[in-house]
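# Commentary on secondary and tertiary structure
Next come the chains, spelled out residue by residue.
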Amino acid sequence: MIPTKFAYRRAASIDEAIRLLQESGGEAKLLAGGHSLIPLMKLRLSEPALLIDIGRIPDLRGIRERDGLIEIGATTTHHELATSELLRRLAPVVSEAAAEIGDPQVRHRGTIGGSLAHADPAADLPAVMVAIDAEIHLKGPNGWRTVPAESFFQDLFTVDMQPDEVLAAVKFRPVWHAAYAKLHQRASHYAIVGVCAALAIENGTIRSARVAVTGASTHAQRLPNVEERLVGRQPTQAVIDEAASVAGDTLEDVNSDIHASEEYRRAMVKVFTRRALERAVARA
Amino acid sequence: MSDLVPISITVNGRRYELEVEPRLLLVHLLREKLLLTGTHVGCDTSQCGACTVLLDGRSAKSCTVFAVQADGSEVVTIEGLERDGQLHPVQEGFWEEHGLQCGYCTPGMIVSVVDLLNENPNPTEAEIRAGISGNFCRCTGYQHIVKAAQYAAARMRGVSS
Ligand SMILES: Cc1cc2nc3c(=O)[nH]c(=O)nc-3n(C[C@H](O)[C@H](O)[C@H](O)COP(=O)(O)OP(=O)(O)OC[C@H]3O[C@@H](n4cnc5c(N)ncnc54)[C@H](O)[C@@H]3O)c2cc1C
Ligand code: FES
Ligand code: FES
């Protein structure tokens, strides 16, 4: 399968990418790892006139700790996340979730920025970013803008980002009491249901809880009724079971497709919420 | 608008200077321009791994990379694994342990096992299965592929099996 013709430019900096996006008048697309975009272009579901390759912009790549925050550049690959010593030490849930994306070949090419910008309803990292309360850092013609992950993901393949903006980085605080549990589609490994739980546990009490789901609905989102049943309580099995028992009850537009019916997905949201909570607590 | 983009790419140790259409996929560059037909196209939808090559040392599905993205990069295909007529230990493993039947998946499968063993010289069976999870085989049931990988791992660590 051959994509339609397009022109190709390799951007040397974030600003050059923004300028090329502006000049194209909406006809261009950014190319990062290409592992969502190229399959779409081969099917001619996407036919950009210009591809702007951001894969070699030095500022966009790498994992750093700065001022108590962990910062991940947009073109950092899933493989780099999965094998990062820094993440394993300060935010192991990010590494673990990245290690479950697709297969080795996909992880060598696919990037965190591409995954978040694309916002596939079955992608893993959006749920993790929402649960750990990450900030998404965007740069456009008017400078920088920061969006909390929670409000970045808006709908099916729809995020709070303008056509001439570049997703440059994500930032978040270290997080230990967090886990991601996923039911994967056997061939692609995309999430049929994925749940990320991030807890703060102090003196045997859950001080805060953020639980986010992907795969089940149009976009990654929190499960507020689960969180309510956790905060202020002790992380016992009974509390986990009770919280997980209402998981997904607030979800609308639950997906139903060849991989899983709505009924099955709703059941699995509860199971994988329980598993994510159990693992997050076991870690704490 | 000139459609062609100049690229320079090293394949199996040999450097090529080429002009390519941006939409040319790496797998088509390898097969149709360089006539290295060992790399196969199976699904053409990024799923099966038959097109797997090493791109700057890491396994990648060459049906999901534009040749222009590989400008300045080093590619190793199945043809580049043997040394002076000696099979690579992973190729030898597939031979000795009967790691193939029709052979369609084999070039990509072997490259994935090479990538795995480069990173993890002593993998468990579960790690081998995870390492080839991006490669589909419709014939073998994978059992002999796992054995081939174990054979190669032992050979590469200098353990005789
Ligand atoms: C076989 C297969 C299995 C997969 N399995 C999984 C899985 O289990 N879980 C999972 O989560 N994902 C999975 N994926 C998707 C994979 O993670 C993709 O790599 C990812 O979704 C997109 O990242 P990319 O860098 O390849 O982006 P690209 O394909 O290059 O880009 C995707 C979109 O995002 C835009 N974009 C990219 N980067 C930026 C940026 N920095 N700023 C603004 N816009 C940007 C592009 O313009 C494009 O529209 C799979 C993919 C394949 C092919
Ligand atoms: S042909 Fe590339 S993954 Fe199947
Ligand atoms: S040997 Fe036939 S597909 Fe693997």
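Keep in mind the model is a prediction, meaning the values are calculated, not measured.

About the criteria used
Residues numbered from 1 in each chain as written. Chains lettered and ligands numbered in written order. Predicted model: local features only at pLDDT ≥ 70, side-chain atom pairs only at ≥ 80, totals over all residues. Heavy atoms only, no water. Helix = DSSP H or I, 4+ residues; strand = E, 2+ residues; numbered from the N terminus. Rg over C-alpha atoms; globule rule 2.2 N^0.38 Å. Buried < 20%, exposed > 50% of the residue type's maximum accessible area, 1.4 Å probe, protein only. Contact = heavy atoms within 4.5 Å. Lys, Arg positive; Asp, Glu negative; His and termini not counted. Charge placed at Lys NZ, Arg CZ, Asp CG, Glu CD. Near = heavy atom within 4 Å. Polar contact = N/O pair within 3.5 Å; in protein donor to acceptor, adjacent residues only side chain to side chain. Areas by Shrake-Rupley, 256 points an atom, 1.4 Å probe, with all protein chains shown as cover. Domains from an automatic or database assignment. Buried area = accessible area lost by both parts, 1.4 Å probe. Salt bridge = Lys/Arg side-chain N within 4 Å of Asp/Glu carboxyl O. Pairing = 2+ DSSP bridges. Axes fitted to C-alpha atoms, helices over the stretch in contact; angles between N-to-C directions.

Right, let's talk about the overall build of chain B for a bit. Of the regular secondary structure elements, chain B holds five helices and five strands. Element order for chain B, N to C, with α for helix and β for strand: β-β-α-β-β-β-α-α-α-α. A compact globule built from 161 residues would reach a C-alpha radius of gyration of about 15 Å, and chain B, at 16 Å, matches this within 12%. Residues classed as buried in chain B amount to 55% of the 161 residues present. A fraction of 55% describes how many contacts in chain B between residues 6 or more apart in sequence connect residues 24 or more apart. In chain B, which carries 13 positive and 19 negative side-chain charges, the distance between the mean positions of the two groups comes to 4 Å.

All names here are of chain A. Neighbouring ligand 1 are 33 residues; L30, H35, L37, T111 and H189 lie closest to it. Contact between ligand 1 and A32: an oxygen atom at 2.8 Å from a main-chain N or O atom of the residue. Residue T111 places a side-chain N or O atom 2.6 Å away from an oxygen atom belonging to ligand 1. In the complex, 96% of the free accessible area of ligand 1, which totals 980 Å², lies under the protein chains. Those elements that place two or more of their residues in the shell around ligand 1 are β2 (28-31), α7 (112-118) and β10 (166-172). No other element matches α7, which puts five residues into the shell around ligand 1.

Right, let's get into the domain arrangement of chain B. Residue and element names in this part refer to chain B. Taken as a whole, chain B is organised into domain 1 (5-80) and domain 2 (89-156). Relative to domain 2, the C-alpha centre of domain 1 lies at a distance of 21 Å. If you look at the interface, domain 1 gives 16 residues, while domain 2 gives 14 residues. Between domain 1 and domain 2 lies a buried interface of about 1300 Å² when both sides are counted; carbon and sulfur atoms form 53% of it. On the domain 1 side of the contact with domain 2, H40, R58 and I78 bury the most area, a combined 37% of that side's loss.

This part is about the domain arrangement of chain A. The assigned domain composition of chain A is domain 1 (7-53), domain 2 (58-172) and domain 3 (178-282). The C-alpha centroid of domain 3 of chain A is placed 35 Å from the C-alpha centroid of domain 1 of chain A.

Moving on, we come to the interface of chain A and chain B. At the interface, 32 residues of chain A touch 36 residues of chain B. Buried surface at the junction of chain A and chain B, both sides included, amounts to about 2600 Å², of which 55% is carbon and sulfur. In terms of surface lost to chain B, no three residues of chain A exceed K5(A), Q105(A) and R109(A), which account for 22% of the buried area on that side. Across the contact surface, chain A and chain B share five salt bridges. Ionic pairing is found between K42(A) and D44(B), a salt bridge with its closest N-O pair at 2.7 Å. Taken together, the links from chain A to chain B amount to 17 residue pairs in polar contact (both at pLDDT 80 or more). Looking at the side of chain A that touches chain B, the elements with two or more residues in it are β1 (7-10), α2 (37-42), β3 (50-53) and α6 (104-109) of chain A. At five residues, the largest contribution of residues to the side of chain A that touches chain B is made by α6(A).

All names here are of chain B. Judged by pairing direction, the sheet is mixed, and its five strands sit side by side in the order β2-β1-β5-β3-β4 without closing on themselves. A single partner strand is all that each edge strand has here, and the edge strands are β2 (14-20) and β4 (58-61). Taken pair by pair, the neighbouring strands of this sheet meet at an average axis angle of 40 degrees, ignoring direction. Along the sheet, helix α1 (residues 26-33) contacts β1 (5-11), β2, β3 (52-55) and β5 (74-76); its crossing angle with β1, the most-contacted strand, is approximately 75 degrees. Helix-sheet contacts for helix α3 (residues 106-119) involve β3 and β4, and the interaxial angle to β3 is about 40 degrees.

Turning next to the side chain of K182(A). Note that K182(A) resides in strand β11 (residues 178-184). Engagement of the side chain of K182(A) in a polar contact is seen with the backbone oxygen of E100(A), the distance being 2.7 Å.

Among all residues save glycine, negative phi is the norm, and among peptide bonds the norm is trans. Backbone geometry at A119(A) places phi at a positive 55 degrees, although glycine is not the residue there. Counting through the fold element by element, A119(A) comes out in the loop between α7 and α8 (125-131).

So, about the sheet that holds strand β13 (residues 205-214) of chain A. All names here are of chain A. Strand order in this open sheet of four strands is β11-β12-β13-β14, and the pairing throughout is antiparallel. Looking along the sheet, the strands with just one partner apiece sit at the ends: β11 and β14 (221-222). Along the sheet, helix α12 (residues 262-283) contacts β11, β12 (191-202) and β13; its crossing angle with β12, the most-contacted strand, is approximately 35 degrees.

Attention now goes to the pattern of salt bridges. Considering all chains together, one arrives at 32 salt bridges over all chains under this definition. Between E92(B) and R155(B) there is a salt bridge; the shortest N-O distance is 2.4 Å. Of this pair, E92(B) sits in helix α2 (residues 89-96) while R155(B) sits in helix α5 (residues 143-156); the two residues are 63 residues apart in sequence, bridging distant segments of the chain. You can call R155(B) partly exposed: its relative accessible area is 39%. Overlapping salt bridges, with partners in common, bring together D133(A), E150(A), R210(A), R222(A) and E227(A) in one network.

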